[in-house]
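Here is how the chains run, residue by residue.
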Amino acid sequence: MAQAITQGTVEAGAGRTTKEPWYKVLYIQVLIAIALGILLGYLNPEWGKSVKWLGDAFIALIKMMIAPIIFCTIVHGIASIGDLKKVGRVGLKALIYFEVVSTIALLIGVLVGEIVKPGAGFNADVTKLDGKSVEKYAKMAADDSVTGHIMALIPKSFFDAFATGDLLQVLLISILTGVVVTGMGQRGEAITHAIDTMGQIFFRIIGLVVKLAPIGAFGAMAFTIGQYGIGKVVDLAWLVGTFYVTAFLFVVLVLGGIARVAGFSIFKFLAYIKDELLIVLGTSSSETVLPHMMTKMRRLGASDSVVGLVIPTGYSFNLDGTNIYMTLASLFLAQAVGADLSFGQYATIILVAMLTSKGASGVTGAGFITLAATLSAIPNNPVPVAAMTLILGVDKFMSECRAITNLIGNGVATVVVSRWEGELDQEKLNQVMAHPISIGTDISDHAPNMDPVTTPAAAAAPIPAPAR
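What you are looking at is a predicted structure, and each value in this text was computed from that prediction instead of being measured. (Residues numbered from 1 in each chain as written. Predicted model: local features only at pLDDT ≥ 70, side-chain atom pairs only at ≥ 80, totals over all residues. Heavy atoms only, no water.)

**A word on the side chain of Asn406**
The test is simple: Labels follow the DSSP assignment, with helices taken as runs of H or I lasting at least four residues and strands as runs of E lasting at least two, numbered in each case from the N terminus. Burial classes: relative accessible area under 20% of the type maximum marks a residue as buried, over 50% as exposed, and values in between as partly exposed (1.4 Å probe, protein chains only).
Note that Asn406 resides in helix H19 (residues 392-420). A residue is classified by how much of its surface remains accessible, and Asn406, at 1% relative accessible area, is buried.

**Focus on the packing of aromatic side chains**
Put simply, the rule is: Ring pairs are drawn from Phe, Tyr and Trp, using the six-membered ring of Trp, whenever the two centres fall within 6.5 Å, and their geometry is named by plane angle: stacked under 30 degrees, edge-to-face over 60, tilted for the rest.
The full count for this structure, using the stated rule, is 9 aromatic pairs. When the centroid spacing of 6.0 Å and the interplanar angle of 85° are considered together, the rings of Phe71 and Phe158 count as edge-to-face. Of the two residues, Phe71 is situated in helix H3 (residues 52-81) and Phe158 in the loop between helix H6 (146-152) and helix H7 (160-164); the sequence distance between them amounts to 87 residues. Judged by its relative accessible area of 13%, Phe71 falls in the buried class. An aromatic cluster is present here, built from Phe71, Phe158, Phe159 and Phe162 joined pairwise through their rings.

**Brief notes about helix H4 (residues 84-116)**
Rules: The span expected for a helix works out to 1.5 Å for each residue beyond the first.
Over its 33 residues, H4 extends 47 Å from the first C-alpha to the last, a length consistent with the 48 Å expected when each residue adds 1.5 Å. Count one or two residues on from H4 and you reach Lys117, which has phi positive near 50°.

**Considerations on the UniProt feature "transmembrane region" (unreviewed entry) in the chain**
Note the threshold: UniProt positions are given in the numbering used here, feature names are shortened, and annotations may be inferred rather than shown by experiment.
Residues annotated by UniProt as "transmembrane region" (unreviewed entry) correspond here to residues 25-45, 57-82, 94-113, 167-185, 205-230 and 236-259. Taken end to end, residues 167-185 is 89% helix and 0% strand, and its first and last C-alpha atoms sit 28 Å apart. Measuring from the first to the last C-alpha atom of residues 236-259 gives 33 Å, for a span that is 96% helix and 0% strand.

**A few points about the packing of H3 against helix H15 (residues 304-317)**
Rule in force here: A fitted line through C-alpha atoms serves as each axis, taken over the contacting stretch for helices, and the angle formed by two N-to-C directions is quoted from 0 to 180°. If an angle is under 35 degrees, it is roughly parallel; if it is over 145, roughly antiparallel; if it lies from 65 to 115, roughly perpendicular; otherwise it is oblique. Crossing handedness is read from the near helix: turned anticlockwise from the far helix by less than a right angle, it gives a left-handed crossing, and turned clockwise, a right-handed one. In this analysis, two residues are considered to be in contact whenever any of their non-hydrogen atoms come within 4.5 Å of each other. Residue type decides the class: Asp, Glu, Lys and Arg count as charged, Ala, Val, Leu, Ile, Met, Phe, Trp, Tyr, Cys and Pro as nonpolar, and the leftover types, Gly among them, as polar.
Running from N to C, H3 and H15 cross one another at 135°; their axes reach a closest spacing of 8 Å. Taken together, the axes of H3 and H15 lie oblique to each other. Every pair of crossing elements has a handedness; the one defined by H3 and H15 is left-handed. Judged by residue contacts, Ile70, Thr73, Ile74, Gly77, Ile78 and Ile81 of H3 engage Ser305, Gly308, Leu309 and Pro312 from H15. The residue makeup of the contact of H3 with H15, split by class, is 6 nonpolar, 4 polar and no charged.

**Considering the pattern of salt bridges**
Threshold: Between Lys or Arg on one side and Asp or Glu on the other, a salt bridge is scored when a side-chain nitrogen of the former is within 4 Å of a carboxyl oxygen of the latter.
Going through the model one piece at a time under the given rule, you end up with 11 salt bridges. Lys86 is the partner of Glu423 in a salt bridge, and the nearest nitrogen-oxygen pair spans 2.0 Å. Residue Glu423 is found in the loop between H19 and helix H20 (426-434), and its partner Lys86 is found in helix H4; the two are separated by 337 residues along the sequence. Overall, Lys86 belongs to the buried group, its relative accessible area being 15%.

**Re the nonpolar core**
The cut-off we apply is this: To define a nonpolar core, start from buried Ala, Val, Leu, Ile, Met, Phe, Trp, Tyr and Cys residues and group those joined through side-chain atoms within 4.5 Å.
Core analysis: the largest hydrophobic core is formed by 127 residues, its most contacted members being Leu255, Met297, Leu333, Ile391 and Val412. Broken down by element, this core gets its largest block of residues, 14 residues, from H3. Setting aside residues no more than four positions away along its own chain, Leu255 makes contact with Tyr97, Val101, Phe250, Ile266, Asp320, Ile408, Gly409 and Val412.

**Re the environment of Leu54**
Along the chain, Leu54 falls in helix H3. For Leu54, a relative accessible area of 17% corresponds to the buried category. It is 9.6 Å that separates the C-alpha atoms of Leu54 and Phe223, two residues lying 169 residues apart in sequence.

Spelled out as structure tokens, the structure:
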């Protein structure tokens with residue numbers, strides 16, 4: 001790479017263009033970090049496992065800002081709309097979309113599992129399976145119930161939701177606060193302005209933290225390879241490969257079809273969010289890019305109100321990758337232990353998965369817990385939870401694909417709901433889709449919620465600032 005990869009940035013108040021060398025571009029840094037992490041974990045597993053804290057620290061830094069960002073965004077969004085009927089309408093459209101697409105994802109997992117049969121011929125002896133390694137997941141799944149889900153929505157106090165970082169609880173208090181502020185008239189306007197200002201502060205903090213993404217991706221990937229080894233993937237390559245191919249086809253065919261109807265190309269959209277996809281690949285958590293995704297969706301032309309409601313809600317209710325994983329993994333385990341599932345048991349897997357997937361926000365391990373809950377609910381328990389030991393070693397490798405698919409699904413959902421509401425800025429969408437790589441890189445390399453800058457490729461067509 002002899003010539004530097006450059007990008008233009010408009011300096012504040014100066015209107016001058018500066019160039020940055022390729023090694024300062026975020027997605028290239030993350031790619032290099034992932035490659036180095038894999039190499040370290042493979043060559044020196046113990047050393048690789050010892051740098052796990054780098055990934056944990058990065059995720060912790062991001063997560064400490066997610067709750068206040070969601071609160072400020074949702075409260076400001078609802079209050080800015082000023083029409084609670086519209087808020088309800090947007091929320092209802094989003095939930096309908098989530099349920100329809102999530103159900104398609106569940107059915108695709110079942111269909112692929114039945115056609116490919118990744119677990120056929122595995123011939124695992126149920127009596128010889130040691131379930132100790134998955135006991136903690138089984139216990140967490142056993143505590144799960146409809147009543148438990150409802151009670152889990154309610155925090156112990158207003159500030160407890162922020163302390164624990166529970167997304168569903170933060171959503172609840174944010175919506176309640178937004179509704180109240182909307183009815184406060186002129187006093188509410190002052191509160192809305194203050195909350196918007198705080199939100200911009202939090203976004204700028206995230207802009208600083210995200211520069212550490214390469215370090216976090218390096219530590220997380222080195223630990224994954226060092227702890228589980230590439231050999232684990234080889235042993236269950238058929239399952240892992242089937243899942244990745246299924247998720248890829250879901251993104252290209254299902255989400256791609258939805259995107260085409262909505263007026264944009266799924267491939268250009270993926271190019272636009274490439275930085276976020278790489279960070280999720282390195283950290284296995286879609287939460288690490290939640291603030292950046294909100295900024296990018298605004299820049300893509302989605303309205304503030306829709307972004308503020310759809311993205312945070314989608315992190316709990318629109319988990320396409322997790323849904324594919326749960327049905328495909330359930331069928332794999334059933335085939336592996338020789339269980340012949342009835343139609344009623346298939347239906348139970350799908351229905352239970354619809355419930356248990358809600359709240360699995362893309363953080364590593366959440367999908368495994370929901371899988372345990374799904375298996376436990378199948379009538380007559382044809383697939384013991386202990387069978388999950390068969391895929392424990394490769395679950396970490398599949399969690400990355402789950403998180404990436406979830407992220408893409410939420411981005412597409414935001415554009416679709418904005419179009420349904422008649423609030424999609426088609427001019428912005430067209431400009432970004434004309435230069436997705438340069439514009440996407442430029443936004444990612446600067447603090448979120450700041451005015452996007454004009455790249456050389458798009459210099460002929462000035463880019464409007466994102467809606468605030």
